[in-house]
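Below are the chains, spelled out letter by letter.
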Amino acid sequence: MIIYKNKGLLQSIWHFHTGPTAKALMGRLVVVAIYVTIVTVAEMHYTDLRLKDTPSSFLGAMGILLSLLLIFRTNTAYDRFYEGRQAWGVLVNNCRNLAIYFNAVLPEGDARSREFYAKAIANFPFALKNHLRDSNNTAELDIVEEGERRDLSHFDHKPAGVSNQLWVKTENLYREGHISESQHINLNQYLTTLMDVCGVCERIKSTPIPFSYMLFIKLFIMLYVTLLPFTVVTAFGYLTIPAVVLTSYILVGLEMIGEEIEEPFGLERNDLPLNQLSQLIRVNVHDILQIYLPHVEKQAAKPGFTIVT
Amino acid sequence: MIIYKNKGLLQSIWHFHTGPTAKALMGRLVVVAIYVTIVTVAEMHYTDLRLKDTPSSFLGAMGILLSLLLIFRTNTAYDRFYEGRQAWGVLVNNCRNLAIYFNAVLPEGDARSREFYAKAIANFPFALKNHLRDSNNTAELDIVEEGERRDLSHFDHKPAGVSNQLWVKTENLYREGHISESQHINLNQYLTTLMDVCGVCERIKSTPIPFSYMLFIKLFIMLYVTLLPFTVVTAFGYLTIPAVVLTSYILVGLEMIGEEIEEPFGLERNDLPLNQLSQLIRVNVHDILQIYLPHVEKQAAKPGFTIVT
Amino acid sequence: MIIYKNKGLLQSIWHFHTGPTAKALMGRLVVVAIYVTIVTVAEMHYTDLRLKDTPSSFLGAMGILLSLLLIFRTNTAYDRFYEGRQAWGVLVNNCRNLAIYFNAVLPEGDARSREFYAKAIANFPFALKNHLRDSNNTAELDIVEEGERRDLSHFDHKPAGVSNQLWVKTENLYREGHISESQHINLNQYLTTLMDVCGVCERIKSTPIPFSYMLFIKLFIMLYVTLLPFTVVTAFGYLTIPAVVLTSYILVGLEMIGEEIEEPFGLERNDLPLNQLSQLIRVNVHDILQIYLPHVEKQAAKPGFTIVT
Amino acid sequence: MIIYKNKGLLQSIWHFHTGPTAKALMGRLVVVAIYVTIVTVAEMHYTDLRLKDTPSSFLGAMGILLSLLLIFRTNTAYDRFYEGRQAWGVLVNNCRNLAIYFNAVLPEGDARSREFYAKAIANFPFALKNHLRDSNNTAELDIVEEGERRDLSHFDHKPAGVSNQLWVKTENLYREGHISESQHINLNQYLTTLMDVCGVCERIKSTPIPFSYMLFIKLFIMLYVTLLPFTVVTAFGYLTIPAVVLTSYILVGLEMIGEEIEEPFGLERNDLPLNQLSQLIRVNVHDILQIYLPHVEKQAAKPGFTIVT
Amino acid sequence: MIIYKNKGLLQSIWHFHTGPTAKALMGRLVVVAIYVTIVTVAEMHYTDLRLKDTPSSFLGAMGILLSLLLIFRTNTAYDRFYEGRQAWGVLVNNCRNLAIYFNAVLPEGDARSREFYAKAIANFPFALKNHLRDSNNTAELDIVEEGERRDLSHFDHKPAGVSNQLWVKTENLYREGHISESQHINLNQYLTTLMDVCGVCERIKSTPIPFSYMLFIKLFIMLYVTLLPFTVVTAFGYLTIPAVVLTSYILVGLEMIGEEIEEPFGLERNDLPLNQLSQLIRVNVHDILQIYLPHVEKQAAKPGFTIVT
């Protein structure tokens, strides 16, 4: 994610234009520029397709429908971005509430359980982050008690593995009488929420906008840009070229930003800073349960740079 | 569902255009093409209906209202698609949470109950999928303990039958003291959610957009396409024919995609991959409860093909 | 409700146009037709109001605002329709979950309680349906134990009466020890939801769109249709008459459909099939609790006809 | 609130136009009429500001942005109106559920507690209504047991006082063993909801649309209406005057209705019938708990008049 | 926040225009004014770029897309503003419900616990307010029992510290038997909600609209304003200058209000009155738990001034 509030705007723009989405956009604009140059030269020197007489009401109605479709696209993409951000916000809340609750429930002296929970709760966001980024890497996860890390290797689904560790430990404490009936009921909702967040993120990742709409909007833009030069060439002359390229920049750019935003768990320029959020959870959870955490980890949780992953 | 991210776009387009919706669309465009050809020839050679002088503000306002209605249609259809996807996302979460919870609650040695839950939980999505696709087929359901499969045959409503098996077994464990008061309360919400998902899907399936709106939008498009050639024929000449066909493609196509998307539980090209999601739940639940599952089933849960049902 | 999926579209259209909304619409279009004929003849033969020179940008902006208002109207009406449908969907879910839960909780042999719950749960949707349709008729309600039906006559608010019967019986079972603490807590949410659904439906019924908006939209449409013939008469000549009538059909029709849809509990063509949903709940609940139900009732729960109430 | 379904529409319109919002609207239209008359006469007889040549695309785009802003305004106002109505709907539900629950839980013979709850529950909506209408009047509240009414005088916040009475009484019953553990847990959510509804209503009341947007929309309308006569005077002549006044009626009227609707707890023509809803809750609660209520109070709960407060 | 209901509108406008957002807006309008003056003079006296012949349908479609994007921007900004307000509304509710609950649950004589809860609950909104405004200041927080304030200094995250104090105290009361099982379960949801509100506010603060959209909208406005003078200069002459400046005021102003509104926790003119809401919670909580609070604090909770922080 590009952090732009109170930062140099120019630096942010520079970073933005070096990303892969920006590069793909440039590629398409070059194609449009070549096409419109050919059309303009041909229309002005050789032929006349009569399309320049297109009644304005007809083209206008098409332009409005295209605009509305692009805003529909923008809205759905933004909703997914926001839903993903909300899911991670719920995760931050929930991990903190879990830590606060265990801090209040566990006996002062039970340092071993405290450390277990500080580490295991903080492991969940890292496991989820890697799961969403298609990585099975568990190097960022803290080892919780001897042998437990090996346990995770049994699970194909790492977040489910971490959630499992938390449940098994909690049920053991309950069976041993360290957690009362009411505390057990209270804990349930926090532990359930972990996997609920995981499910929401998986859903956002695996279900983009339906194929039909994606294809339909792309075809519609292509059609509009193809017809545009014919309708303005008489009025604009050689200014047709920059006008059509600028229009394409707006239409194609809006569509491509939507495509990038709607799956916000990757490493693209606009994606969510999952690394930083995971670090933040780790710092908060250790802070609340009063378990020592090296200073270098606390630094990483602060969004001090322009680009955060 | 067509999987198009990171796949060949052209292949996806090809698959899309062989679907029944695409074919129905082609049929309607042929009708439009014939109509517009007749009108164009008639207007240019024989008569003049004066409609070409339609003031642009009048036709423009109608075009805008039609565009807004089509976007309203698109929004409601997409909302149902998304609501259906969310319901299945909740089902995935809930089945995993049920498995994690029973894994933590059931004694290590109680292999029989573990196997019952692994199979019965995984049966629910398959029963729901077939129920939504109007099939009573129970071949995909695993047999849970001798005689229980026969039980399902008593139920007209198979998902209710599976839910019933889960409840009866759980209440038995509770009455026998294997599940404590607080565990019993915690389990309740997971078991309830199964039938809630079923209800949401049934609702989406049985209540399309109200008949009045469906009919109204169809009539409005028909009216617009009927009048369109008269208003552009003077300016476009024979180019009227492709212009009107393209416009019809956009208007009719958008309406038909909406119709297809709004009931996302079928086997159409844009429908949800219920088969794959059910397999995914089966794999995850067995993974969590550590019950052996043949490798071939794990493969089927991966969306490795362009078209997934 | 008109069932139109996979049915003859023409038959559905025929049924639609015989409904009272369609008839009221026809009445208004006749008034518009008379008015526009008078204006057209007067303008063409006698006078000239200069309104035909209305700048297109001015009329266009008004047309867009009117379109946006109509879509706002359509959205709010549809949201109420959908909210009403969702409430009944929740009712279906909840009644089934109640039945499944009592089936698992009640002892196998307690046939009397089983029958009580099968009948009392199934009575709730019928009581709610009649309440929403302003009827106090209790003929469709099954008699639950001797004397209980008489009880309902004490209640002005029949759904509250049925809910009351369920609560009293459940609290009795709890006090007699047939329901444990945790089962009692679990049951609470199901029983509460019954009256929540009732409240949502009552709210939708008693609060239409605020009077100001309703009046404002009607006046705006009237104004637009009144001015329209003057602005197109020069260009269209006698074609003004069908053009204005068609435009009125679209504007007035959209507004009237909104009015009909926003209160979806009546017996109009687009209203929800409350009868069928109530029958469906009765069939499902008896199916789950394994109480015999005559075959004729099962039939009525299937949406086998074009028009369902 | 004006009740207009199945009532004389003309009577409703009359009532509407005697309200303060309608009067303020008339005042502004008179100002517009004077302004536009001066401009029209000046333009036609003395000078020419060239503004009549404003390109239609420029004014059109501004008109569309203004239309979209007005619909944004309408949407947010309506959402608040609807959120306020939903809150009161939840209150109706919740009070009925509380009554049904206490009816089932309290012993048949405990007439004193029954009467306490019938009166105290019914007091809450009245206390909330007066709180929202900035009145400290407690005359409509029933006296609950000797001395308790005096208690309310200690509270600045009357609804919190009533909620407090309910909680204290319930905790006493619990401590004395009349309410079991599970009944106590079940009751919690009903009692919490009372103050939640209060909080939602207070929020809607105290936070109108942000000042910037309110001011921005007003300035935009003023600008549009100021420029409008110049752009149509050549085409319309003296018809400019009614045209601009009508347009102002639409723009200003829509904005003023939004302002009135967004705070729906007052005594304006479009506000919610809080008096009637409070009476309805009182009647229902007494009906359910079988406490006698004079017939005159039942009458007041029926929306039998055109204007209901 | 500017309080404008029933206050002098002119005074509100004056306050508004002295804020930093208004000043930044003025700065940009000066730049636009200089640019458009140069263009107008150059076009009228020296050259002719033919852009004045831009077909209206082309510029109109761009204007509509820009309008829709600005409304999308406005909607998302307003949604965040409203979500922030809702979060604080939930906080008000929740603190009151906590106070009401402890008032009913704590023994009459336990003045020490009552005072602890009155102070600790009221500390939470102040801690949250300062946290959101990037301040670590704890001067506004009441000292709760000897030594507890020191405790807060251990926490980097002050709201988590206050929440922690509440949990630890509550768990102690529970362990000592002053709070029963069911009371403990009931309390859980209130205490959890405190940190949930904190998380929602942090999320709104740390995630503005994605960088791509922010940049895209700014570039689009710049492009539109740059091209605008060329298209109207022929028609308007020197009136081009005020026309373009006014248009810029509307476009740039709408975008800047969105930017200001979307992070509503600061001290800007449109931000939420967190100080006043915190004071209101303190007054209400002390009122309910009947702990003495100096009169001066009660005054501060009333929104009696035009500008409230």
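Everything numeric here is computed off the predicted structure, so don't read it as measured data. (Residues numbered from 1 in each chain as written. Chains lettered and ligands numbered in written order. Predicted model: local features only at pLDDT ≥ 70, side-chain atom pairs only at ≥ 80, totals over all residues. Heavy atoms only, no water.)

### Structural notes on the relation of the copies chain D and chain C
Thinking step 1. Least-squares fitting of chain D to chain C yields an RMSD of 0.0 Å, with the transformation described by 0.0 Å of translation along the axis and a rotation of 72°. Within this description, the copies of the chain are treated as partners about a five-fold rotation axis.
Thinking step 2. A share of only 7% of interface residues in chain D that are also interface residues in chain C marks the association as one of differing surfaces. (Least-squares fit on C-alpha atoms with pLDDT ≥ 70 in both. Contact = heavy atoms within 4.5 Å.)

### Some thoughts on the interface of chain D and chain C
Thinking step 1. With 69 residues of chain D at the interface, the matching set in chain C holds 60 residues.
Thinking step 2. For the pair chain D and chain C, the interface holds one salt bridge.
Thinking step 3. One salt bridge connects D:Arg96 with C:Glu202, and the closest N-O pair in it is separated by 3.0 Å.
Thinking step 4. Taken together, the elements giving at least two residues each to the side of chain D that touches chain C come down to α1 (9–17), α3 (56–105), α7 (181–206), α8 (211–236), α9 (240–261) and α10 (274–289) of chain D.
Thinking step 5. Among the elements that make up the side of chain D that touches chain C, the one with the highest residue count is α3(D) (26 residues).
Thinking step 6. Counted by class, the side of chain D that touches chain C contains 36 nonpolar, 27 polar and six charged residues. (Salt bridge = Lys/Arg side-chain N within 4 Å of Asp/Glu carboxyl O. Helix = DSSP H or I, 4+ residues; strand = E, 2+ residues; numbered from the N terminus. Nonpolar A, V, L, I, M, F, W, Y, C, P; charged D, E, K, R; others polar.)

### Remarks on the relation of the copies chain D and chain E
Each copy of the chain is related to the other by a rotation around an axis and a translation along that axis.
Thinking step 1. Least-squares fitting of chain D to chain E yields an RMSD of 0.0 Å, with the transformation described by 0.0 Å of translation along the axis and a rotation of 72°.
Thinking step 2. When the interface residues of chain D are mapped onto chain E, a mere 8% of them again fall at the interface, so the copies present different faces.

### Things to note about the pattern of salt bridges
Charged atoms that come close allow side chains of opposite charge to pair.
Thinking step 1. Within this structure, the stated rule accounts for 40 salt bridges over all chains.
Thinking step 2. In this structure, A:Lys205 and A:Asp134 form a salt bridge, with 2.7 Å as the shortest nitrogen-oxygen distance. Highlighted residues: A:Lys205 in helix α7 (residues 181–206) and A:Asp134 in the loop between α4 (111–132) and α5 (148–153), separated in sequence by 71 residues.
Thinking step 3. Across the pair E:Lys129 and E:Glu140 runs a salt bridge, and its minimum N-O distance is 2.8 Å. Remark: E:Glu140 occurs in the loop between α4 (111–132) and α5 (148–153) and E:Lys129 occurs in helix α4; sequence separation between them is eleven residues.
Thinking step 4. Salt bridges sharing common partners tie together A:Lys218, A:Glu255 and A:Glu259.

### With respect to helix α4 (residues 111–132) of chain D
Residue and element names in this part refer to chain D.
Thinking step 1. Between the first and last C-alpha of α4 there are 32 Å, a value that for 22 residues agrees with the 32 Å anticipated at 1.5 Å per step.
Thinking step 2. Here α4 lies mainly inside the structure; 17 of its 22 residues are buried.
Thinking step 3. In the segment just after α4, Asp134 is the residue with positive phi, at about 60°. (Expected span 1.5 Å × (residues − 1). Buried < 20%, exposed > 50% of the residue type's maximum accessible area, 1.4 Å probe, protein only.)

### Observations regarding the UniProt feature "transmembrane region" (unreviewed entry) in chain A
Residue and element names in this part refer to chain A.
Thinking step 1. UniProt records the feature "transmembrane region" (unreviewed entry) for residues 21–42, 54–72 and 211–230 in the present numbering.
Thinking step 2. Helix makes up 100% of residues 21–42 and strand makes up 0%, while its end C-alpha atoms are separated by 32 Å.
Thinking step 3. Taken end to end, residues 211–230 comprises 100% helix and 0% strand; its first and last C-alpha atoms sit 30 Å apart. (UniProt positions renumbered as here; feature names shortened; annotations may be inferred.)

### Notes on the interface of chain D and chain E
Thinking step 1. With 60 residues of chain D at the interface, the matching set in chain E holds 69 residues.
Thinking step 2. Taken over both partners, the interface formed by chain D and chain E buries close to 5600 Å², and the fraction arising from carbon and sulfur atoms is 66%.
Thinking step 3. Counting every contact that joins chain D to chain E gives one salt bridge.
Thinking step 4. The interface formed by chain D and chain E holds 23 residue pairs in polar contact (both at pLDDT 80 or more) in total.
Thinking step 5. Of all the secondary structure elements, the ones that give two or more residues to the side of chain D that touches chain E are α3, α6 (158–175), α7 and α8 of chain D. (Buried area = accessible area lost by both parts, 1.4 Å probe. Polar contact = N/O pair within 3.5 Å; in protein donor to acceptor, adjacent residues only side chain to side chain.)

### What about the packing of aromatic side chains?
Thinking step 1. Under the defined criterion, the tally for this structure stands at 50 aromatic pairs over all chains.
Thinking step 2. Ring centres 3.7 Å apart and planes at 15° place the aromatic pair A:Phe102 and A:Tyr117 in the stacked group. Remark: A:Tyr117 occurs in helix α4 and A:Phe102 occurs in helix α3 (residues 56–105); sequence separation between them is 15 residues. Exposure class is identical for A:Phe102 and A:Tyr117. Each is buried.
Thinking step 3. Considering the side-chain rings of D:Trp167 and E:Tyr101, the 4.8 Å spacing of their centres and the 85° angle between planes classify their relative orientation as edge-to-face. Linking D:Trp167 in helix α6 with E:Tyr101 in helix α3 (residues 56–105), this pair reaches from one chain into another. With respect to burial, D:Trp167 and E:Tyr101 carry one shared label: buried.
Thinking step 4. The ring of C:Phe116 has C:Lys169 lying over it, and the distance from NZ or CZ to the ring centre is 5.3 Å. (Phe/Tyr/Trp six-rings, centres within 6.5 Å; stacked < 30°, edge-to-face > 60°. Lys NZ or Arg CZ within 6 Å of the ring centre and 35° of its normal.)

### Considerations on unusual backbone geometry
Thinking step 1. Here A:Asp134, not a glycine, exhibits a phi torsion of approximately 60°, which is positive.
Thinking step 2. Judged by relative accessible area, which is 64%, A:Asp134 ranks as exposed.
Thinking step 3. Unusually for a residue other than glycine, C:Gln290 sits at a positive phi of about 55°.
Thinking step 4. You can call C:Gln290 exposed: its relative accessible area is 56%.

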